[in-house]
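In case you want the letters, here they are:
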Amino acid sequence: MKDRLLWKLIFVLSLLLTIYSINNNLKMPVIEGNEKSNLIMCGLFLFDFFILLGSFGYAFKIKILNSIIWKITAIAYPLLIILETVFDFYAGGYSVYEMITYSLFVLFLTCILVAPVIMYIDDFEETIPKD
């Protein structure tokens, strides 16, 4: 049970944050002119699912899907998070100090959420037989 306990806790944390994010996005009123790109929002929704799936797979040592999907997820998810943060700042209403603080917090949280996926990629490469 203690095997990969930290990663199991990170999986639960990412599950709770994803549920909160989806719930928050469903309740958020649409303000004309401050809409985020639908491509970014759909991409985040899709890669949130892959982050959850990768965290689950790594925490419980289950091989799911192909390693190329996890490599794409490890690269695309942080880029989409950065794009979403940029869109938030372009909407206005933030001071420079708030932007820096928020960006650092989002970057830290993104690193925590992507870490199990990166470790999962290493697990896949260890199990692939070498010729």
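For clarity, every value in this text was computed on a predicted model and none was experimentally measured. (Residues numbered from 1 in each chain as written. Predicted model: local features only at pLDDT ≥ 70, side-chain atom pairs only at ≥ 80, totals over all residues. Heavy atoms only, no water.)

1. Overview of the confidence of the model for the protein
A residue-level look at the protein finds 85% of positions with pLDDT of 70 or above and a mean pLDDT of 82. Taking the mean pLDDT of every element in the protein, the minimum, 82, falls on helix H1 (residues 5-27) and the maximum, 88, on helix H3 (residues 67-90). (pLDDT = per-residue confidence, 0-100. Helix = DSSP H or I, 4+ residues; strand = E, 2+ residues; numbered from the N terminus.)

2. Topic: the packing of aromatic side chains
Within this structure, the stated rule accounts for nine aromatic pairs. Aromatic side chains tryptophan 70 and tyrosine 120 sit 5.2 Å apart centroid to centroid with 75° between the ring planes, which places their arrangement in the edge-to-face category. Taken together, the residues span a long stretch of sequence, with tryptophan 70 in helix H3 and tyrosine 120 in helix H4 (residues 96-127) at a distance of 50 residues. Its relative accessible area of 0% is what places tryptophan 70 among the buried residues. With 5.9 Å between their ring centres and 80° between their planes, phenylalanine 89 and tyrosine 102 make a pair best called edge-to-face. On the criterion of sequence distance, the pair formed by phenylalanine 89 in helix H3 and tyrosine 102 in helix H4 is long-range, its members being 13 residues apart. Taken together, the ring pairs connect Phe47, Phe49, Phe50, Trp70 and Tyr120 into an aromatic cluster. Lying over the aromatic face of tyrosine 58, arginine 4 brings its terminal NZ or CZ to 4.1 Å of the ring centre. (Phe/Tyr/Trp six-rings, centres within 6.5 Å; stacked < 30°, edge-to-face > 60°. Buried < 20%, exposed > 50% of the residue type's maximum accessible area, 1.4 Å probe, protein only. Lys NZ or Arg CZ within 6 Å of the ring centre and 35° of its normal.)

3. Focus: the nonpolar core
Within the largest apolar cluster, 23 residues are counted, with the highest numbers of intra-cluster contacts made by Leu44, Phe47, Ile51, Trp70, Tyr77 and Tyr120. Mapped onto this core, the elements with two or more residues apiece are H1, helix H2 (38-59), H3 and H4. Apart from residues lying up to four places away in sequence, leucine 44 is in contact with Tyr77, Leu80, Ile81 and Glu84. (Core = buried A, V, L, I, M, F, W, Y, C linked by side-chain atoms within 4.5 Å. Contact = heavy atoms within 4.5 Å.)

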